[in-house]
Amino acid sequence: MSEPVLTVSGLRAWYRTSAYGVSREVRAVDDISLSIAAGEIYGLAGESSSGKTTLIKTIANAIQPPLEVLAGSVVFRFGDRPVDIHRISREALGKIRWKHLSYIMQGSMNVLNPVRRVRHTFFDFAFRHIGRPKPEFLQVVRDHLQRLHLAPDVLDAFPHQLSGGMRQRVTIALATVCRPEFIIADEPTTALDVVVQKGVLAMIHEIQRELGSSIIFVTHDMAVHANLTDRLGIMYAGRLVEEGRTADIFRAPRHPYTAHLIASLPRLGDTAPKKGLDGAPPNLADPPPGCRFHPRCPRASDICRREAPPMAELSPGHRAACFHPEPERPA
Amino acid sequence: MGRILIDLLRFNRQFAVGLVLLAIVLGFALLSFFSPYPPNDSFVVPPDVPPSWAYPMGTTSRGQDLFWLLTFSIRNTLLFGVTVALISRLLALVIGLVAGYCGGLVDRALMSINDTFIVIPLFPILVLFYFVMKDHMSWGLLALMMACLGWAYDARLIRSVALSLRTREFTETGIFSGMSMRQILVEEHLPYVLPIVFSTTMNNINWSIGLEVTLSVLGFTDINTPTIGVLIYWANQHTALVAGIWWWIFFPVLLVILAFIGLFLLAVSMNEYIDPRSRLGRSGG
Amino acid sequence: MTGYPLYLLTRLGQFALVVFIGINIAFIVTHATPIDPVEQSIAAATQFGSTSPEAIALMRQSLKELYGLEGSLGDQYVSFWSRVATGDFGPSLSAFPTPVSTLIGRALPWTVALLVVSTLLTWVLGNLLGGLAGYYRRSKALRFAGILAMTFHPIPYYIVAFLLLIVFGYLWPVLPISGGYKMNMTRDWSWEFIGSVAAHAILPVLSLALVGLGGWFMGMRSLVSNIVTEDYVAYAELGGVERRRILGSYVMRNALVPQVTGLAMSLGSIFNGAIITEQVFGYPGVGTLLVSAVHVGDYSLVLGITTVSIVAVSVAVLLIDLAYPLLDPRVKAR
Ligand SMILES: Nc1ncnc2c1ncn2[C@@H]1O[C@H](COP(=O)(O)OP(=O)(O)OP(=O)(O)O)[C@@H](O)[C@H]1O
Ligand SMILES: [Mg+2]
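Computed from a predicted model, the values in this text were never measured in an experiment.

Calculation rules
- Residues numbered from 1 in each chain as written.
- Chains lettered and ligands numbered in written order.
- Predicted model: local features only at pLDDT ≥ 70, side-chain atom pairs only at ≥ 80, totals over all residues.
- Heavy atoms only, no water.
- Contact = heavy atoms within 4.5 Å.
- Buried area = accessible area lost by both parts, 1.4 Å probe.
- Salt bridge = Lys/Arg side-chain N within 4 Å of Asp/Glu carboxyl O.
- Polar contact = N/O pair within 3.5 Å; in protein donor to acceptor, adjacent residues only side chain to side chain.
- Helix = DSSP H or I, 4+ residues; strand = E, 2+ residues; numbered from the N terminus.
- Nonpolar A, V, L, I, M, F, W, Y, C, P; charged D, E, K, R; others polar.
- Domains from an automatic or database assignment.
- Buried < 20%, exposed > 50% of the residue type's maximum accessible area, 1.4 Å probe, protein only.
- Near = heavy atom within 4 Å.
- Areas by Shrake-Rupley, 256 points an atom, 1.4 Å probe, with all protein chains shown as cover.
- Pairing = 2+ DSSP bridges.
- Donors = N, O, S within 2.8 Å, 3.2 Å for Na, K, Ca; no water.
- Axes fitted to C-alpha atoms, helices over the stretch in contact; angles between N-to-C directions.
- Parallel < 35°, antiparallel > 145°, perpendicular 65-115°, else oblique.

### Some points on the interface of chain C and chain B
Okay, step 1: Tallying the contact residues gives 50 residues for chain C and 47 residues for chain B.
Okay, step 2: A buried area of about 4,200 Å², summed over both sides, lies between chain C and chain B, and 82% of it is on carbon and sulfur atoms.
Okay, step 3: Contact with chain B buries area across many residues of chain C, yet Met150(C), Tyr158(C) and Met265(C) alone supply 14% of it, more than any other trio.
Okay, step 4: On the surface where chain C and chain B come into contact, there are zero salt bridges.
Okay, step 5: Seen at the junction of chain C and chain B, the total is four residue pairs in polar contact (both at pLDDT 80 or more).
Okay, step 6: When contributions to the side of chain C that touches chain B are tallied by element, the ones reaching two or more residues are helix 1 (3-31), helix 2 (37-46), helix 6 (140-152), helix 7 (157-171), helix 8 (191-227), helix 10 (243-280), helix 11 (286-296) and helix 12 (299-327) of chain C.
Okay, step 7: Of the residues contributing to the side of chain C that touches chain B, the split by class is 33 nonpolar, 16 polar and one charged.

### Observations concerning the domain arrangement of chain A
Residue and element names in this part refer to chain A.
Okay, step 1: Annotation of chain A at the domain level lists domain 1 (4-49 + 63-229) and domain 2 (232-264 + 280-331).
Okay, step 2: For domain 1 versus domain 2, the distance between C-alpha centres works out to 27 Å.
Okay, step 3: Contact residues are listed per partner, giving 21 residues for domain 1 and 22 residues for domain 2.
Okay, step 4: Counting the surface lost from both domain 1 and domain 2, the interface buries some 1,700 Å², and carbon and sulfur atoms represent 55% of this.
Okay, step 5: Ranking the residues of domain 1 by area buried against domain 2 places Arg27, Glu47 and Met222 at the top, with a combined share of 30%.
Okay, step 6: One can count three salt bridges joining domain 1 with domain 2.
Okay, step 7: Taken together, domain 1 and domain 2 are joined by eleven residue pairs in polar contact (both at pLDDT 80 or more).

### Remarks on the side chain of Gln64(B)
Okay, step 1: By the element assignment, Gln64(B) lies in the loop between helix 2 (13-30) and helix 3 (66-102).
Okay, step 2: A relative accessible area of 6% means that Gln64(B) is categorised as buried.

### Observations concerning the pattern of salt bridges
Residue and element names in this part refer to chain A.
Okay, step 1: As enumerated under the stated definition, the model contains 28 salt bridges over all chains in all.
Okay, step 2: With a shortest N-O distance of 3.3 Å, Glu47 and Arg296 are connected by a salt bridge. Separated by 249 residues along the polypeptide, Glu47 in the loop between strand 3 (41-45) and helix 1 (52-59) and Arg296 in the loop between helix 9 (256-263) and helix 10 (302-306) bring together distant segments of the chain.
Okay, step 3: Overall, the relative accessible area of 21% leaves Glu47 in the partly exposed class.

### Re the site of ligand 1
Residues and elements named next belong to chain A.
Okay, step 1: Inspection of the region around ligand 1 gives 16 residues, with Ser48, Ser49, Lys52, Thr53 and Thr54 positioned closest.
Okay, step 2: Here an oxygen atom of ligand 1 sits 2.8 Å away from a polar atom, N or O, in the main chain of Ser49.
Okay, step 3: The separation between an oxygen atom of ligand 1 and a polar side-chain atom of Thr53 is 2.6 Å.
Okay, step 4: For ligand 1, the protein covers 70% of the area, taking 640 Å² as the surface of the free molecule.
Okay, step 5: Of all the secondary structure elements, the ones that give two or more residues to the shell around ligand 1 are strand 2 (22-36) and helix 1.
Okay, step 6: Looking at the shell around ligand 1, the element that brings in the most residues is helix 1, giving three residues.
Okay, step 7: Of the residues belonging to the shell around ligand 1, the class tally is five nonpolar, eight polar and three charged.

### Quick word on the pairing of strand 9 (residues 231-236) of chain A
Residues and elements named next belong to chain A.
Okay, step 1: For strand 9, the buried fraction is high: six of the six residues fall into the buried class.
Okay, step 2: Across four bridges, strand 3 lies against strand 9 in parallel orientation. Its bridge partner lying in strand 9, Gly43 is registered against Leu232.
Okay, step 3: Strand direction decides the pairing type here: strand 9 and strand 10 (residues 239-245), joined by six bridges, are antiparallel. Residue pairing across strands places Gly233 opposite Glu243, the latter belonging to strand 10.
Okay, step 4: Turn length for the strand 9-strand 10 hairpin, with the two strands adjacent in sequence and antiparallel, is two residues, and the turn residue Ala237 shows positive phi of about 50°.

### Observations regarding the interface of chain C and chain A
Okay, step 1: Residue-level contacts link 23 residues of chain C with 27 residues of chain A.
Okay, step 2: Summed over both partners, the interface of chain C with chain A comes to about 2,200 Å²; 59% of that surface belongs to carbon and sulfur atoms.
Okay, step 3: Our count for the chain C to chain A interface comes out at two salt bridges.
Okay, step 4: Its salt-bridge partner being Asp124(A), residue Arg245(C) comes within 3.0 Å of it at the nearest N-O pair.
Okay, step 5: At the junction of chain C and chain A, the tally comes to ten residue pairs in polar contact (both at pLDDT 80 or more).
Okay, step 6: Partitioned by chemical class, the residues of the side of chain C that touches chain A number twelve nonpolar, four polar and seven charged.

### Topic: the coordination of the magnesium ion (ligand 2)
All names here are of chain A.
Okay, step 1: At this site the magnesium ion (ligand 2) is bound by Thr53 (OG1) and Gln106 (OE1), with donor distances of 1.8 to 2.2 Å. Remark: Gln106 occurs in the loop between strand 6 (101-104) and helix 3 (118-130) and Thr53 occurs in helix 1; sequence separation between them is 53 residues.
Okay, step 2: We classify Gln106 as partly exposed; its relative accessible area is 35%.

### Focus: the packing of helix 10 of chain C against helix 12 of chain C
Residue and element names in this part refer to chain C.
Okay, step 1: One way to put it is that helix 10 packs onto helix 12 with a least axis distance of 9 Å and a crossing angle of 175°. Taken together, helix 10 and helix 12 sit at an angle that is classed as roughly antiparallel. Here Arg253, Leu256, Val257, Val260, Thr261, Leu263, Ala264, Leu267, Gly268 and Phe271 of helix 10 come into contact with helix 12, specifically with Ser309, Val313, Ala316, Val317, Ile320, Asp321, Tyr324, Leu326 and Leu327.
Okay, step 2: When its residues are assigned to classes, the contact of helix 10 with helix 12 shows 14 nonpolar, three polar and two charged.

### A few points about the domain arrangement of chain C
By a widely used convention, the size of an interface equals the accessible area lost when the partners come together.
Residues and elements named next belong to chain C.
Okay, step 1: Domains assigned within chain C are domain 1 (4-86) and domain 2 (111-327).
Okay, step 2: With centres defined by C-alpha atoms, the gap from domain 1 to domain 2 works out at 31 Å.
Okay, step 3: Residue-level contacts link 20 residues of domain 1 with 15 residues of domain 2.
Okay, step 4: Remark: the boundary between domain 1 and domain 2 carries one salt bridge.
Okay, step 5: Arg11 is paired through a salt bridge with Asp321; the nearest N and O atoms lie 3.0 Å apart.
Okay, step 6: Counting across the domain 1 and domain 2 interface gives three residue pairs in polar contact (both at pLDDT 80 or more).
Okay, step 7: Mapped by element, the contributors of at least two residues to the side of domain 1 that touches domain 2 are helix 1, helix 2, helix 3 (53-67) and helix 4 (73-86).
Okay, step 8: Looking at the side of domain 1 that touches domain 2 element by element, the count peaks at eleven residues for helix 1.
Okay, step 9: Its residues placed into classes, the side of domain 1 that touches domain 2 shows 16 nonpolar, three polar and one charged.

So, in structure tokens, the structure goes:
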């Protein structure tokens, strides 16, 4: 395999606030490493507040106070020169954004400027990368919209005049119009109804195949991951706890948390009620010592309470951070 | 409450500065109770004496000791502001809470009236009022009139808080357990809007003092009750600036500006403290 | 009915309500008081002597008519409104027999010009600086501007105007401190005249601006520091949109929407400020006219100015309201 497009190593990003003498540190991303190859769809799963959005924001260098990056690096390789996205100038970053790296935000409902027509947003984001005169540029955008089954007249609409599904598709069109090599998608389908959701997923898949882009796809819907992604990373309380080929993880999850996630998926012919996970998700401002999952883990032992388990390769291409992983299941 | 005050004092510089300024002004007003002269007596001291050890702020052309006169004036001015603020608080609270609680048509009707009072230029109306009342004009009457005209802006703020309370669980629980609207508003909603009531009170005091000073300086109030505005009015009548009696103007203006800035800083810092965003940063956990 | 027609209708309704309530307050203030304004006004107007008996009789008659004292309260109410509707407040008592409407018509352009210039200047500058201060939170200069704004904003118009008068009238007399143009100048459209008008407007405009700037500055600063956390701004940052464009078309553009509403809401108090400022600098607008009318006891003029002020401010608010949908496309959908 060639060099990965994205290499994240030892990334740590916390929200730090302080007001009226009360300081708080939310350890939303704690020591995460991963890499993504060209043309790969990488899924990111985990319960709400586990830090998925924070992780990909940090990867995209969308850092705004109170979020701070404390350690680690995020290196992209577009063409043949690697760039650490946290250590390049604003101008250099501006050249990468949208041309090479685009982003679909969580809750895309409000990502379009409410007082401007959609057309202007396309101009602001994409015009400088496409490098054609205005009429031609508009034609490129119209063609692209058409390919995504959107009527070109959405360009003349204000965001409030579009339905939720349309807005979502417009943002996907916006994120793909420059044909970027890398797309980060944060729950692009969560707010949509099932039918629209299917359409949007198909659309993303189609574009990905056409452009050959890599995608990080975040959702807590495991069914979507099963259908769409090549590899899967599971987050729990700010940490990556398991990572491997999607098929492997669904077949034989190694981390007890992942095992629980998979086991609780509804399956055809199921009759027994699903068992919930005991206890509440940890408070990231004051996470439990050792393995952050231990208070809710059926397999926890003494060492889990004392030490944080490192990520370890348990079988080729399959990593998990657990002292007592679930047994390997032969294919 | 005490804890909040200490927090604000320690971590909010605006609040601390505002409090100090206001304390100076208040302390000065309290000195009036020790004045050797009654407020309205004139020619008790030699006129036009510049500030000195004997007369720290000098004396006026009407033979008053400016220092002691000023203590009375600032006391009356503050009292005026507080009176207007208290009366208009009642109106603002009732209208804001009811509009927020009822929502719908009642809310819209009340807010239309409310916006009307925000927009109408009050100054000409107050001048008209003085014109009709002339010698019958008194301190209390003006306060009442201003309270009746000056509640609207704050009612709008209170209403927006009340509107968000309407959908909260305790409101519904209250309704189901048979509490009357008055009970719900007073017992359940009032505590939530009190913070914003406090901060608007400061702004309202500023507003009413400002108008009172303006009206008085023009002579459009009862010019026999000493207030800061009346003080400046008399100074202007005696063309104090042209005559070089600068202290007659300087000290009242300085003192009232301290009061304005102090009150304003308190309002601003309280607002910041109530703001949900800054609360989020504060709440542990 | 939805969209723009509905919006139009509600704004027109609000306009009618403001005029209605405003005029009613004026009616109540003048009619619910125990004092007989007719005799009082005549006493005040005649205390300077030199008024002929016919003039007094005319005055009494016109005053009675104005109050409608002959009829019932209902009749009085109707005649009051018809006065307002026709803009006919009778002859001025102090400048008898010049009609009140002529006097107001002469003064109003000065006030309107003063208001338009100072308000536009203040609003634009305050929002611009406030927007920058909200966006570039670390700038030292802008922080200092914030402290200045906080210091001047709470001081009432009168005191600020008065302070400027002291500074530029007595301590450092470089600017004209009284009137609308140099005395005894012919009022033509020569450069000299225009220059003189501009010079005389500096202090009134400055005092209105000093108070007003702070309000817009602080309002805009806090609006902007909220808007920068909105998704569409974060997204534009992610899209590599130029910073200047983000500040202009995304942040400020959205913050302007509530600031225009704010402008409409504060026109009344800005108008108060203009009246007061005019009086301090002897500016030939309605403010100065109002104060001198009170001093000479000219009832019809005071009433006329009050009414015209209410209507004029309401019209200005309505104009802003009508232009508002240009700024916020969402009202049409509501
Ligand atoms: N601006 C912020 N200030 C402080 N804490 C924050 C902020 N944004 C997020 N957090 C905290 O960081 C943690 C991780 O949040 P994040 O949004 O990354 O979760 P997520 O996995 O994307 O959740 P979801 O599935 O609900 O989108 C949460 O505990 C959240 O409370
Ligand atoms: Mg998220």
